Amino acid sequence: MRDFENDRGSMLFGGLRAEDIAERFGTPVYVTDEDILRGNYRRIYNAFAKHMDTRVYYACKANTSMALLRILEQEGSYVDTVSIGEIATCMKVGFPVSRIMYTGTSVSTSELRDVLNTGVMVNIDSPSEMERLAEIDGNAKISVRITPGIGAGHCDKVVTGSKGSKFGIPLDSAVDIYGRALELGLRPIGIHVHIGSGGSDPMNALSNAVSVLTDLTNDIKDVHGLDLEFINMGGGFEVPYKPNEPEMDIEELASVVTDMILNDTSVRTIALEPGRYVVCDSTILLTRCVDVKRAGGKNYIGVDAGFNTLIRPTFYDSYHHVAIANKFNKACEGKYDVVGPICESGDYLARDRALPTPEEGDVVAVYNCGAYAFSMSSTYNSRPRCREVLMHDGKAELIREAETLEDLWRYQMIPERLVE
Ligand code: LLP
């Protein structure tokens, strides 16, 4: 887990004291360090690109904030998208369609039509989707998502590559679907897996998945005489969330999988789709302690962010490290649950954490909040979404305004007959 500097008892983030950022922008607030974001992108790109032609399709479901997308566009990133909304957002911030891929699931014909109208390449998830796509654009370039029978994930909800998964084309019909694509006049140029997000042994799981793809690539060539242009190994590059948790060796993984592709196939381009790896540790969530309580032998720190702002602890039981930003060098004196303002007992950000004695007004920093944090936030309990800030060169810039009460009401109407 990335840790941050301590400036006379205060957490430093992007060159400023976290408590000063909280004071200036209010809480809760997501704060991203541009340098960390750029560094993460470059690290994963360079690890693969030194071996072979590489396209990093940032999986933007992790975080679609437009300022962050701009930064990644500048870095030369590609993007993996799952909806017309994500495609439109990426196009709006300046990604050329040639750098956007669409990997949908349970795709409707109307969405498929909209996607093809943009000119973005589709990564096929089912035989039905491919047949419907061919009716709309009979010679489209496509890639095909395979279910390799290898799954991985930090919890069951995010495992996607196991046999019987709702995602992709089952392994036993993978070669045939390329034949059918050719019959339909389509131009299949890539093959894809995404085994899941995170998990205990990503090195093994990811390299085994690539080996399934290299075998398939050769079978497809043998049976259909088709040379694929790229192998897409998906995302799922794990990031440490706990203190002292080791980082995954991205250099080693890149060397192993690019070796497999270069030695065993005629494919010369690798694609990957990291979401979490690129954005996760670039962002912290700052939330203010508003209530300190002791009940039934437990200590609670009540803060102003709940699962409306960060749902991962509640939804996946995920661990996010927390620290009191304005007591950064104080000794831990007790164990606390950090809980939010949502009226459900499942509303917690952290449980049973050793922390310095909290006081109302303290600023709590929640780590690793760049991935699947803001993008999964909601307005549950009628709490408008919070601000986002970008740190660059020791300066803080607002990149998203907080929503207002008017925003909560904007799309609702009360039928005339109910109004006096
Ligand atoms: N490619 C595809 C096709 C995906 O479905 C995903 C994530 C990725 C790439 C990126 O995976 P990553 O590198 O970020 O692990 N909300 C969950 C994660 C769901 C991931 C869904 N698909 C969480 O908060 O952990």
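Coordinates for the structure precede this section.
Q: I'm lost on the packing of aromatic side chains in this one. Help?
A: We describe a pair of aromatic rings using the distance from one ring centre to the other and the angle between the two ring planes. Considering all chains together, one arrives at 8 aromatic pairs under this definition. With centroids separated by 5.7 Å and ring planes inclined at 70°, the aromatic side chains of Tyr30 and Phe374 adopt a geometry described as edge-to-face. With Tyr30 in strand 4 (residues 29–33) and Phe374 in the loop between strand 19 (363–366) and strand 20 (387–392), this residue pair connects regions lying 344 residues apart in the sequence. Chaining the aromatic ring pairs together yields one cluster made of Phe4, Phe13 and Tyr367.

Q: Just checking my understanding: could you explain the side chain of Arg312 for this structure?
A: With respect to the helices, strands and loops of the structure, Arg312 is situated in helix 11 (residues 312–316). The side chain of Arg312 sits in the buried core without any salt bridge; Glu238 is the nearest counter-charge, 7.2 Å away. Within the structure, the side chain of Arg312 is placed 3.4 Å from the side chain of His154, a separation counted as a polar contact. Polar contacts involving the side chain of Arg312 include one to the side chain of His320, which spans 2.9 Å. If we ignore the near neighbours within four places in the chain, the residues touching Arg312 are His154, Tyr241, Arg276, Asp317, Ser318, His320, Ala371 and Tyr372.

Q: Just to check I follow, could you spell out a negative patch on the surface for this structure?
A: A grouping of Asp215, Asp219, Asp222, Asp259 and Asp264 is seen on the molecular surface, where their side chains present a negatively charged patch. At the level of secondary structure, the elements contributing two or more residues to the negative patch comprise helix 8 (202–224) and helix 9 (250–264). At 3 residues, the largest contribution of residues to the negative patch is made by helix 8. Among the residues examined, Asp219 registers a relative accessible area of 35% and is labelled partly exposed.

Q: When you look at the sheet that holds strand 2 (residues 10–13) in this model, what are you seeing that I'm missing?
A: For sheets, the rule is that strands pair by backbone hydrogen bonds, running either parallel or antiparallel. The sheet built from 3 strands is open, its strands ordered 1-2-3 with antiparallel pairing. Taken across any chain shown, the strands that pair with only one partner, and hence form the sheet edges, are strand 1 (6–7) and strand 3 (16–17). Bridge count between strand 1 and strand 2: 2 bridges; the pairing is antiparallel. Within the sheet, the bridge partner assigned to Asn6 lies in strand 2 and is Met11.

Q: Any chance you could explain the site of the ligand here in plain terms?
A: Near the ligand lie 19 residues; those nearest to it are His154, Ser197, Glu273, Arg312 and Tyr372. One nitrogen or oxygen atom from the side chain of His154 is found 2.6 Å from an oxygen atom belonging to the ligand. Glu273 places a polar side-chain atom, nitrogen or oxygen, 2.6 Å from a nitrogen atom of the ligand. In this structure the site holding the ligand corresponds to the largest pocket. Considered class by class, the residues forming the shell around the ligand number 7 nonpolar, 6 polar and 6 charged.

Q: Explain the layout of surface pockets here, please?
A: The method is simple in principle: a probe with the dimensions of a water molecule rolls over the atoms, and the space it marks as empty is what remains. Considered as a void within the structure, the largest pocket measures approximately 640 Å³ in volume. Residue lining of the largest pocket: 29 residues in total, with Lys61, Thr160, His194, Ser197 and Tyr372 positioned closest to the centre. At the level of secondary structure, the elements contributing two or more residues to the lining of the largest pocket comprise helix 10 (276–279) and helix 11. Residue composition of the lining of the largest pocket, by class: 11 nonpolar, 11 polar and 7 charged.

Q: I tried to follow unusual backbone geometry on my own but got confused; where do I start?
A: Peptide bonds are, in most cases, trans, and in most cases residues other than glycine have a negative phi. The amide bond that connects Thr27 to the next residue, Pro28, takes the cis arrangement and shows omega of -10°. Its location among the elements puts Pro28 in the loop between helix 1 (18–25) and strand 4. Not every positive phi belongs to a glycine, and Arg8 is a case in point at roughly 45°. By the element assignment, Arg8 lies in the loop between strand 1 and strand 2. In this structure, Asn368 takes a positive phi of about 55° despite not being glycine. Considering the arrangement of structural elements, one finds Asn368 in the loop between strand 19 and strand 20.

Q: Help me out: how do you make sense of the pairing of strand 15 (residues 298–303) in this one?
A: Remark: a regular strand shows side chains that alternate across the two faces of the sheet. One ladder, built from 6 bridges, connects strand 14 (residues 283–295) with strand 15; its direction is antiparallel. Bridge assignment links Cys289 to a residue of strand 15, and that residue is Val303. Hairpin connection, strand 14 to strand 15: the antiparallel pair is bridged by 2 residues, and Gly296 has positive phi, about 55°. Across 3 bridges, strand 15 lies against strand 17 (residues 334–339) in parallel orientation.

Q: Just to check I follow, could you spell out the nonpolar core for this structure?
A: In globular proteins that are soluble, nonpolar side chains generally tend to be buried together. Formed by 79 residues in total, the largest nonpolar core has its most connected members in Phe48, Ile146, Met233 and Phe237. The leading source of residues in this core is helix 8, at 8 residues. Ignoring sequence-local partners within four residues, the contact set of Met233 consists of Phe48, Val193, Leu206, Val210, Leu253, Val257, Ile270, Ala271 and Leu272. In this structure, Ala22, Ala325, Ala365 and Ala396 belong to the second largest nonpolar core, which totals 22 residues.

Q: For this particular structure, what's the right way to read a nonpolar patch on the surface?
A: A cluster of nonpolar side chains, Ile414, Leu418 and Val419, forms an exposed patch at the surface whose accessible area comes to about 300 Å². On the secondary structure map, Val419 appears in the segment after helix 12 (405–409). For Val419, a relative accessible area of 43% gives the class partly exposed.

The rules behind each value
Residues numbered from 1 in each chain as written. Predicted model: local features only at pLDDT ≥ 70, side-chain atom pairs only at ≥ 80, totals over all residues. Heavy atoms only, no water. Phe/Tyr/Trp six-rings, centres within 6.5 Å; stacked < 30°, edge-to-face > 60°. Helix = DSSP H or I, 4+ residues; strand = E, 2+ residues; numbered from the N terminus. Buried < 20%, exposed > 50% of the residue type's maximum accessible area, 1.4 Å probe, protein only. Lys, Arg positive; Asp, Glu negative; His and termini not counted. Salt bridge = Lys/Arg side-chain N within 4 Å of Asp/Glu carboxyl O. Polar contact = N/O pair within 3.5 Å; in protein donor to acceptor, adjacent residues only side chain to side chain. Contact = heavy atoms within 4.5 Å. Patch = residues over 30% accessible without salt bridge, like charges linked within 9 Å, V, L, I, M, F, W, Y side chains within 5 Å. Areas by Shrake-Rupley, 256 points an atom, 1.4 Å probe, with all protein chains shown as cover. Charge placed at Lys NZ, Arg CZ, Asp CG, Glu CD. Pairing = 2+ DSSP bridges. Near = heavy atom within 4 Å. 1 Å grid on protein atoms, 1.4 Å probe; cavity = no way out; pocket = protein on both sides within 12 Å on 5 of 7 lines; lining within 4 Å. Sits in = over half its atoms within 2 Å of the grid points. Nonpolar A, V, L, I, M, F, W, Y, C, P; charged D, E, K, R; others polar. Points joined across faces, edges and corners; volume = space filled by probe spheres on them. Core = buried A, V, L, I, M, F, W, Y, C linked by side-chain atoms within 4.5 Å.

Everything listed here is a matter of coordinates, which is why it stays silent on function.
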